[in-house]
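Residues per chain are reported as follows:
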Amino acid sequence: MPYKTLTAADRAAELARSFGDFWDPANPLGSSALLTADEQGVLSADGEALLDRFGLAAEYVPAELGGRLTHLDGLVRVMREVFRRDVGLGLGHGITSFMAAVNVWTAGSAAQQRHLADLLLDGGRASVAYHELAHGNDFLRNEFAARPAAGGYLLEGVKQVINNADRAGAWVLFARTGDGPGSRSHSVLLAGPDDVPADRVQRLARYRTAGVRGCRLTGLAFHGCPLPASALVGAEGRGGEVALRSFQVTRSALPGMAIGTVDTCLRSVLRFALDRRLYRRRVFELPHAAGVLTAAFADLLLCDSLSLAAARTVQLRPEQASVTAAVKYLVPRLLSRTVRDLSVVLGARFYLREGEHAVFGKHLRDLPVLSLGHAGPTACLATLIPQLRRLATAPQLEPLDALFTPADATAPPPGIPFDRLTLSATGDPLTAALTPEGAPASVRPLLTDLAADLSAVRDRARTLPPADRTPLASPEAFALAARYAELLGAAAATGVARSAQAGFLSEPSWLGAALHRTACRLSLRAGPVPDRWARPLRHELLSRHEELRTFDLYDSAL
């Protein structure tokens, strides 16, 4: 099938059909088979074969280089079908290749881009090595070095916990090329097993992990390993800039993929709550269980709204894309909390590693990997903090409905403008949507209070002392950035609801529930979701479950 001619929505639907019924125990790509592979510490061979036939790596390659990547939210939508079933398969088969490749799409030479595109389109993989265990997310303190030598560099040092390092055809390496402090002492290099002497690089033993057990996390140790000058990606000493610009793309994309994982968790618990009887009623009819499931649905929709807005910002307003570091903080945090709350309804069954509900426990173990990944939540807030004062003083940008609308429903963009990504946002692209004007009457009081809170956050940001505008800021500054991220989520949900022309997303029930949940987290409201929103939300949840449709914004057939 010529997948390149299909829209991202059609490709996602085709991939979902190819995976088949997730709950069928006889399906070699169903939950039982995927759990068996995870218990064995391997990726599903049938799953990898399916993704190879689908040509999944083409999703990571820009269309101008022969791939299918034209808009970021389209990639998220396709990958969500993989993460819906197995986080390990999504990471292990290849999203790591995208995390590596973005650096080359952002700053690589034409020859480097062509080389990596050909590798991926031929079914190869790439790995990225940013961090070192001794320094965690503080990668500007890394010790792995690329020392100048005749005709290029000599690599010296160790990179640990690299996904697919032992089976990748290309490595993107973040290396120290100078001895001074700061980002200008680091560079990005593109190399591969065929580019280096075999006796100068050692593949380290595999790390065993609590989650994503099928992923091959290993390491690389280089010993005076020569590398030509042509391996340099971008300019020497600009590694920190390349990485931070690349993070704007990957931070916006990965949380949206994880929504598929939580969709399955919600579905698993809902199946249990509808089948299990307690106190002569179905568990779903018990007030606490119904409240947890309804709240999970509302939070999932808000997370998807922010994920969509972040991806579309990268596409349409790349100069403001650094603000979307908030999505990598807020979405994994809310999704992890949602899964923990759902585990209470499921009870002791989520500990089981066999049976129908074992997939919930697997997803519970796997999900934190997406939360940490290449940048943990605190690192994302540290990226946002230095921008708070500028965002508070910059003129409010005009609202743009296209930020809240999937690309398949609008004119197709020319591609992701990697060259227009900047280190610091020139304005806030989302919060203009956080206004009661034009909103349904039932949600206007919430929007009024949230807009007032946003104003207060901006007032506080304008007075931040210089010490609180750096990654070494006080806990109060981090709390302010976290609050701002919550308000960005509320703005995104409001923008999605306002942009919806018809159907469920245009109704006030889900927006009221999502905004109420945000207001509770900000101590502006208290208590469960009011029944005027909870009742229609529960009805929609049941309808989608019975009709085998996804719980996300797309409401797609499973």
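Refer to the preceding data block for the structure.
Keep in mind that this is a model prediction, so the values were computed, not measured. (Residues numbered from 1 in each chain as written. Predicted model: local features only at pLDDT ≥ 70, side-chain atom pairs only at ≥ 80, totals over all residues. Heavy atoms only, no water.)

Colleague: Please give an account of the pairing of strand E7 (residues 217-228) that cites residues and values.
Modeller: Burial analysis of E7 places nine of its 12 residues in the buried class, the great majority of the element. Across 10 bridges, the pairing between strand E3 (residues 152-163) and E7 is antiparallel. Looking at E7, one finds that Val158 is bridged to Ala221. Note: strand E6 (residues 201-203) against E7, three bridges, orientation antiparallel. Pairing of Gln202 across the sheet is with Ala221, part of E7. (Buried < 20%, exposed > 50% of the residue type's maximum accessible area, 1.4 Å probe, protein only. Helix = DSSP H or I, 4+ residues; strand = E, 2+ residues; numbered from the N terminus. Pairing = 2+ DSSP bridges.)

Colleague: Please set out the environment of Glu156 residue by residue, giving values where relevant.
Modeller: Its location among the elements puts Glu156 in strand E3. Judged by relative accessible area, which is 40%, Glu156 ranks as partly exposed. When the C-alpha positions of Glu156 and Val201 are compared, they lie 9.4 Å apart, and in sequence the two are 45 residues distant. Glu156 has contacts with Glu143, Phe144, Ala145, Phe222, His223 and Gly224, leaving out every residue within four places of it along the chain. In this structure the side chain of Glu156 is engaged in a polar contact, spanning 2.7 Å, whose partner is the backbone nitrogen of Gly224. (Contact = heavy atoms within 4.5 Å. Polar contact = N/O pair within 3.5 Å; in protein donor to acceptor, adjacent residues only side chain to side chain.)

Colleague: Run through the side chain of Asp299, naming residues and quoting values.
Modeller: Mapped onto the secondary structure, Asp299 falls in helix H8 (residues 287-316). A polar side-chain atom of Asp299 sits 2.7 Å from a polar atom in the side chain of Arg517. When residues no more than four places from it in sequence are discounted, the contact partners of Asp299 are Thr338, Arg517 and Arg521.

Colleague: Could you give an account of the state of the cysteines, with specific residues and numbers?
Modeller: Two cysteines form a disulfide when their sulfur atoms are joined by a covalent bond. If you walk through the whole model with that rule in mind, you get zero disulfides. No disulfide involves Cys520; its sulfur sits 15 Å from the nearest other cysteine sulfur, which is in Cys303. (Disulfide = S-S within 2.5 Å.)

Colleague: Before we move on, can you summarise helix H13 (residues 444-462) with the specific residues and values?
Modeller: The periodicity of an α-helix, 3.6 residues per turn, causes residues three or four places apart in sequence to face the same way. If you check H13, its first and last C-alpha atoms are 27 Å apart, about what 19 residues at 1.5 Å a residue would give, namely 27 Å. Taken residue by residue, H13 has Leu446, Leu447, Leu450, Asp453, Leu454, Val457, Arg458 and Ala461 as its buried positions. Down the axis of H13, the buried set is contained in an arc of 145 degrees. They therefore lie on one face. Against helix H12 (388-393), helix H14 (475-499), helix H15 (508-521) and helix H16 (531-546) lie the buried residues of H13. (Expected span 1.5 Å × (residues − 1). Arc of directions from axis to C-beta.)

Colleague: I'd like a description of the pairing of strand E1 (residues 126-129), backed by residues and values.
Modeller: A two-sided burial pattern is seen for E1, the buried positions comprising Ala126 and Val128 on one face and Ser127 and Ala129 on the other. As paired elements, E1 and strand E4 (residues 170-176) share four bridges and run parallel to each other. The residue bridging Ser127 from the neighbouring strand is Trp171, located in E4.

Colleague: Help me get a handle on the packing of H8 against H14, residues and values and all.
Modeller: Packing of H8 against H14 brings their axes to within 8 Å, and their N-to-C directions diverge by 85 degrees. When the axes of H8 and H14 are compared, the pair comes out roughly perpendicular. Only Leu488, Gly489, Ala490, Ala492, Ala493 and Val496 of H14 make contact with H8, whose side of the interface consists of Leu302, Ser305, Leu306, Leu308 and Ala309. (Axes fitted to C-alpha atoms, helices over the stretch in contact; angles between N-to-C directions. Parallel < 35°, antiparallel > 145°, perpendicular 65-115°, else oblique.)

Colleague: Residue-level account of the packing of aromatic side chains, with values.
Modeller: The description of an aromatic ring pair rests on the distance of the ring centres and on the angle between the ring planes. Tallied over the full model, the rule gives eight aromatic pairs. Ring geometry for Trp171 versus Phe222: centroids 5.9 Å apart, planes at 80 degrees, classification edge-to-face. Within this pair, whereas Trp171 is found in strand E4, its partner Phe222 is found in strand E7, the two being separated by 51 residues in sequence. Neither residue differs from the other here; Trp171 and Phe222 are each classed as buried. On the numbers, 6.1 Å between centres and 0 degrees between planes, the contact of Phe297 with Phe504 is stacked. With Phe297 in helix H8 and Phe504 in the loop between H14 and H15, this residue pair connects regions lying 207 residues apart in the sequence. In terms of burial, Phe297 and Phe504 fall into one category: buried. (Phe/Tyr/Trp six-rings, centres within 6.5 Å; stacked < 30°, edge-to-face > 60°.)

Colleague: Quick one: what's the story with the packing of helix H4 (residues 72-83) against H8, residue by residue and with numbers?
Modeller: Packing of H4 against H8 brings their axes to within 8 Å, and their N-to-C directions diverge by 140 degrees. As the angle between them shows, H4 and H8 are arranged oblique. Across the interface between the two elements, Leu72, Asp73 and Arg80 from H4 touch Asp304, Leu308, Ala311, Arg312, Val314 and Gln315 from H8. For the contact of H4 with H8, the per-class residue count stands at four nonpolar, one polar and four charged. (Nonpolar A, V, L, I, M, F, W, Y, C, P; charged D, E, K, R; others polar.)

Colleague: Hey, could you go over the environment of Arg365 for me, with residue numbers and the actual values?
Modeller: Here Arg365 lies in helix H10 (residues 358-372). Among all residues touching Arg365, those that are not within four sequence positions of it are Asp38, Glu39, Ala210, Gly211, Arg213 and Arg353.

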